[in-house]
Amino acid sequence: GLNFIDLMVRQGNIDNPPKTPLVPGFECSGIVEALGDSVKGFEIGDRVMAFVNYNAWAEVVCTPVEFVYKIPDDMSFSEAAAFPMNFVTAYMMLFEVANLREGMSVLVHSAGGGVGQAVAQLCSTIPNVTVFGTASSFKHEAIKNSVTHLFDRNADYVQEVKRISVDGVDIVLDCLCGENTGKGLSLLKPLGTYILYGSSNMVTGETKSFFSFAKSWWQVEKVNPIKLYEENKVIAGFSLLNLLFKQNRGGLVKGVMDKLLNLYNSKKIKPVVDSLWALEEVKEAMQRIHDRGNIGKLILDVEKAPTPLMANDSTETSEAGEEEEDHEGDNENKERMPFIQ
């Protein structure tokens, strides 16, 4: 699976980035080739999906058994690679942190992305949940049925939400950070929960610099604990990777995966796969996420052969992408955008 966190790793916008060279990636699906001596519950040949602490974009992956789950018979490998990060993140934010219940309302940014689509599907399993989503306008036709109210990501969504729901919303899920933090808090009803689970606005078209990094944080309004107390609001953060690999909560996540697989087997949720990419096309695949051109999850397929100029199928083709179409065969010497280096 290809996630926005992989772009943040690539640009160095995470705490303690690993030393290079490294193989990126945090989730995968495949077939068990070998087992540790004490491993029980799995056999060679089993179809599985797994969390990995880096190295998921490899042809052979090794990870502790607590991070491995069997794939349902009718789930494809590409769906399985799209499943763990998005659905566990969405489920734990909605139900473990925010305690989603019947009749509540949720605002989710990047509603067309992998987590956004997982959030929308999980909200539909609870009666009378209203979902407000923001997304690029070209995605609206494709995802309009997955959320209750859809707004352009560049519009003044605060006023749009308040026009529909004067009191605001019960839950805000923010993967953008920056100025959206203050906006999200302002939209919360009393006893509402704001959850920051990413900071994709920090990934810019530039190489990493202190200025571009700091600029995003300067837009974050300071949170006053006394104001939270007076307004009865909750502010929270969620990092699935830290939960798994730093805080040793693999058992908790396994319980969540069991619930999610029951929902999948009941045909109540289904991962949305945007596209499949060969390993050689990782540059173009990362560009598609960077340009926010995807609807659902991008998957790297180790068995797929590269498709020339596949990235230009993106609805939002960058200027660099259009230029590349005119210079076929010159890809090795040409950069698509300043971000990809």
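Structural data are supplied above this passage.
Keep in mind that what you see is a predicted model, and the values were worked out from it rather than measured. (Residues numbered from 1 in each chain as written. Predicted model: local features only at pLDDT ≥ 70, side-chain atom pairs only at ≥ 80, totals over all residues. Heavy atoms only, no water.)

Quick look at the pairing of strand β7 (residues 169-174)
Working step 1: Within β7, six of the six residues are buried, which leaves it mostly tucked inside the rest of the structure.
Working step 2: Direction of pairing for strand β4 (residues 105-108) relative to β7: parallel, over a ladder of three bridges. Note that in β7 the partner of L107 across the bridge is V172.
Working step 3: Summarising the sheet, β7 and strand β8 (residues 188-196) pair through five bridges and their orientation is parallel. The residue of β8 that forms the bridge with D174 is L196.
Working step 4: As a crossover connection, the stretch from β7 through helix α7 (residues 180-187) into β8 is right-handed. (Buried < 20%, exposed > 50% of the residue type's maximum accessible area, 1.4 Å probe, protein only. Helix = DSSP H or I, 4+ residues; strand = E, 2+ residues; numbered from the N terminus. Pairing = 2+ DSSP bridges. Right-handed = clockwise from strand over helix to strand, strands pointing away.)

Describing the nonpolar core
It is characteristic of soluble globular proteins that their nonpolar side chains tend to be buried jointly.
Working step 1: Counting 57 residues, the largest nonpolar core has F51, F83, L173 and L260 as the members making the most contacts within it.
Working step 2: Broken down by secondary-structure element, the contributors of at least two residues to this core are β2 (47-51), α3 (84-97), β4, α4 (114-123), β5 (130-135), β7, α10 (240-245) and α11 (250-265).
Working step 3: Looking at this core, the element that brings in the most residues is α3, giving eight residues.
Working step 4: Judged by nonpolar contacts, the second largest core, of 17 residues, contains V48, A56, L298 and L300. (Core = buried A, V, L, I, M, F, W, Y, C linked by side-chain atoms within 4.5 Å.)

Notes on the environment of K270
Working step 1: Here K270 lies in the loop between α11 and β10 (273-277).
Working step 2: The exposure class of K270 is partly exposed, given its relative accessible area of 46%.
Working step 3: With 10 residues separating them in the primary sequence, K270 and L260 have C-alpha atoms 9.9 Å apart.
Working step 4: With residues up to four places along the chain from it excluded, the contact list for K270 reads E79, F87, Q121 and Y264.
Working step 5: Reaching out from K270, the side chain makes a polar contact with the side chain of E79 at a distance of 2.4 Å. (Contact = heavy atoms within 4.5 Å. Polar contact = N/O pair within 3.5 Å; in protein donor to acceptor, adjacent residues only side chain to side chain.)

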